[in-house]
Amino acid sequence: MTSPDIPDSADAIDRDWLTAALAPRHPGVRVRAVRVSARQEWTNAHAWLAVDYDEPAGAPPTLFCKLLPADARRAAIAATGMGVREALFYERLAPRLPLRVPAAHAVRADPASGAFVMLLEDLVASGCTVSDGPTGIAPQAAGRALADLAALHVRYEDGARRAREADWVPPPPETDNDYGATMLRYGLDNHRERLSDRFAALAELYIAARPALHRLWREGPGPDTVIHGDAHIGNLFDDHGRTGFYDWGMLQLGKGLRDASYFLTMALAPADRRAHERELLRHYLAAREACGAEPVAFDAAWRAHRLYASYAVVACCQVVTFPANATPKRRVFAESLLARAEAAIAELEVREALQEYAGL
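It should be emphasised that the depicted structure is a prediction, and the values quoted were computed from it without experimental measurement.

Trainee: How should the environment of Ala166 be read in this particular structure?
Mentor: With respect to the secondary-structure elements, Ala166 resides in the loop between helix H5 (159-165) and helix H6 (179-190). Under the relative-accessibility criterion, Ala166 is labelled buried at 2%. It is 21 Å that separates the C-alpha atoms of Ala166 and Glu294, two residues lying 128 residues apart in sequence. Setting aside chain neighbours within four positions, we find Ala166 in contact with Leu93, Tyr156, Arg161 and Val226.

Pasting the structure below:
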């Protein structure tokens, strides 16, 4: 065990631990047995738990379990604090927000060690769907999702409320500690033929001038607020037409427009973004105003959108390593992310925007 309250792996979860973990949200629950029905290794360790109860007290028969990996990556991933941030989101912020997020049935985190465990809603069992990658958020659903993001953003543009409810949310990073640059360099050196010229040029710029780009991504119209930080298609789900948001490990302070821009760039299919992004951006701005925010002019928002789209190269830094051991499903998903990034970089003329508006 990492600590008395946080198991090292899903296999360490037994009926007594699970009963105690579920009890705060499901008083009277009594677990008879628990077993791991499936597992997956991504950045963190993912497992699905099948649970039998003597008394369910409203707890579900399946749970999605997320915790640190047990392999050599464990210490490095714990040091990022991503899991602890996500756990704190579900514990402290999610109940306050009108967002569709997975229901949290048990959450424990240790900021000192970076260890965490989250037992969340099994989205598939709830009838939700997760994209295969090429399938994007439909434009109508995207409008609702952007309005939901606007509600989050405007709530925490209020500095006093942010201090009361979200003072633990970190500022945007000033650097990625060479994480993205190292993988982009590998992709450029080993797989250049698989990358568009515009993507490659922007990746080279990021490697050479990443402090300036990180500063640019921290700036823009509107006050700072709490943002999801990573709202690409792989961190979204569909609940019968409504978009839900999960994987909150990149939660941070920043400009709300950056969240909206990233969603438009990396969650819609390229053809839908191309056809609808201006109206959807206007819809987001109107939703902000409806929540009581100060207006942001469309021209300023559009310029910021073009500049923020430069982050797409970093969003694809793992993709461009083209790992040989990737599963067919993972390859399809990765290729769809790269296609989104390359289309946005070209169609929004991101390199030109950086030269014109940022001198880069």
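Past the structure itself, the notes keep going.
Trainee: Looking at this structure, I do not really get empty space enclosed by the protein. What am I missing?
Mentor: A probe as big as a water molecule, rolled over the atoms, marks out the empty space that is left. Tallied over the entire structure, the rule returns one cavity of 30 Å³ or more. Empty space within the largest cavity amounts to approximately 30 Å³. Along the walls of the largest cavity sit Glu157, Pro221, Gly222, Gly256, Leu257, Tyr284, Arg288 and Val296, which together make up its complete lining. Residue assignment for the lining of the largest cavity shows that the elements contributing at least two residues are helix H8 (256-267) and helix H9 (270-290). When grouped by side-chain class, the residues that make up the lining of the largest cavity number four nonpolar, two polar and two charged.

Trainee: Explain the layout of surface pockets to me, please; I cannot follow it from the model alone.
Mentor: Of the volumes computed, that of the second largest pocket is approximately 160 Å³. Taken together, 14 residues make up the lining of the second largest pocket; nearest its centre are Ser9, Ala10, Arg39, Glu41 and Ala45. At the level of elements, strand S1 (30-41) and strand S2 (45-55) are the ones that each hand at least two residues to the lining of the second largest pocket. By residue class, the composition of the lining of the second largest pocket is seven nonpolar, three polar and four charged.

Trainee: Quick question: what am I supposed to make of the side chain of Glu86 here?
Mentor: Locating Glu86 in the fold gives a position in helix H3 (residues 82-93). With a relative accessible area of 3%, Glu86 lands in the buried category. A distance of 2.8 Å separates a polar atom in the side chain of Glu86 from a polar atom in the side chain of Lys66. Residues contacting Glu86, with those up to four places away along its chain left out, are Lys66, Met118, Asp247, Trp248 and Gly249.

Trainee: Explain the packing of aromatic side chains to me, please; I cannot follow it from the model alone.
Mentor: Aromatic ring pairs are described here by two measures, namely the spacing of the ring centres and the angle between the planes. Enumeration according to the criterion identifies nine aromatic pairs in this entry. Note on Phe89 and Tyr90: the rings are 5.3 Å apart at their centroids and 70 degrees apart in plane angle, and the pair reads as edge-to-face. Both rings, one in Tyr206 and one in Trp217, keep their centres 5.9 Å apart while their planes meet at 15 degrees; by these two values the pair is stacked. Both residues of the pair, Tyr206 and Trp217, count as buried. Ring-pair connections join several aromatic residues into one group, and the members of that group are Tyr206, Trp217, Tyr262 and Tyr311. Cation over ring: Arg194 sits above Phe322, and NZ or CZ is 3.8 Å from the ring centre. Stacked on the ring of Tyr357, the Lys or Arg Arg303 has its end atom at 5.1 Å from the ring centre.

Trainee: Can you help me understand H3 in this one?
Mentor: Structural remark: α-helix, 3.6 residues per turn; residues separated by three or four positions point the same way. Spanning twelve residues, H3 covers 15 Å between terminal C-alpha atoms, matching the ideal 16 Å at 1.5 Å per step. Among all positions of H3, only Gly83, Val84, Arg85, Glu86, Ala87, Leu88, Phe89, Tyr90 and Leu93 are buried.

Trainee: What is the right way to read the sheet that holds S1 from this model?
Mentor: The strands making up a sheet associate through backbone hydrogen bonding, with each pair oriented either parallel or antiparallel. Taken in spatial order, the five strands of this open sheet run S1-S2-S3-S5-S4, and their pairing is antiparallel. Whereas interior strands pair on both sides, the edge strands pair on one side only; in this sheet they are S1 and strand S4 (104-110). Taking each pair of neighbouring strands and ignoring which way they run, the sheet shows an average axis angle of 20 degrees. Here strand S3 (residues 62-67) runs beside strand S5 (residues 115-121); their pairing, made up of five bridges, is antiparallel. Within S5, the residue paired with Leu67 across the bridge is Val117. Running at roughly 95 degrees to S1, helix H1 (residues 15-22) makes contact with S1, S2, S3, S4 and S5 of the sheet.

What counts, and at which threshold
Residues numbered from 1 in each chain as written. Predicted model: local features only at pLDDT ≥ 70, side-chain atom pairs only at ≥ 80, totals over all residues. Heavy atoms only, no water. Helix = DSSP H or I, 4+ residues; strand = E, 2+ residues; numbered from the N terminus. Buried < 20%, exposed > 50% of the residue type's maximum accessible area, 1.4 Å probe, protein only. Contact = heavy atoms within 4.5 Å. 1 Å grid on protein atoms, 1.4 Å probe; cavity = no way out; pocket = protein on both sides within 12 Å on 5 of 7 lines; lining within 4 Å. Points joined across faces, edges and corners; volume = space filled by probe spheres on them. Nonpolar A, V, L, I, M, F, W, Y, C, P; charged D, E, K, R; others polar. Polar contact = N/O pair within 3.5 Å; in protein donor to acceptor, adjacent residues only side chain to side chain. Phe/Tyr/Trp six-rings, centres within 6.5 Å; stacked < 30°, edge-to-face > 60°. Lys NZ or Arg CZ within 6 Å of the ring centre and 35° of its normal. Expected span 1.5 Å × (residues − 1). Pairing = 2+ DSSP bridges. Axes fitted to C-alpha atoms, helices over the stretch in contact; angles between N-to-C directions.

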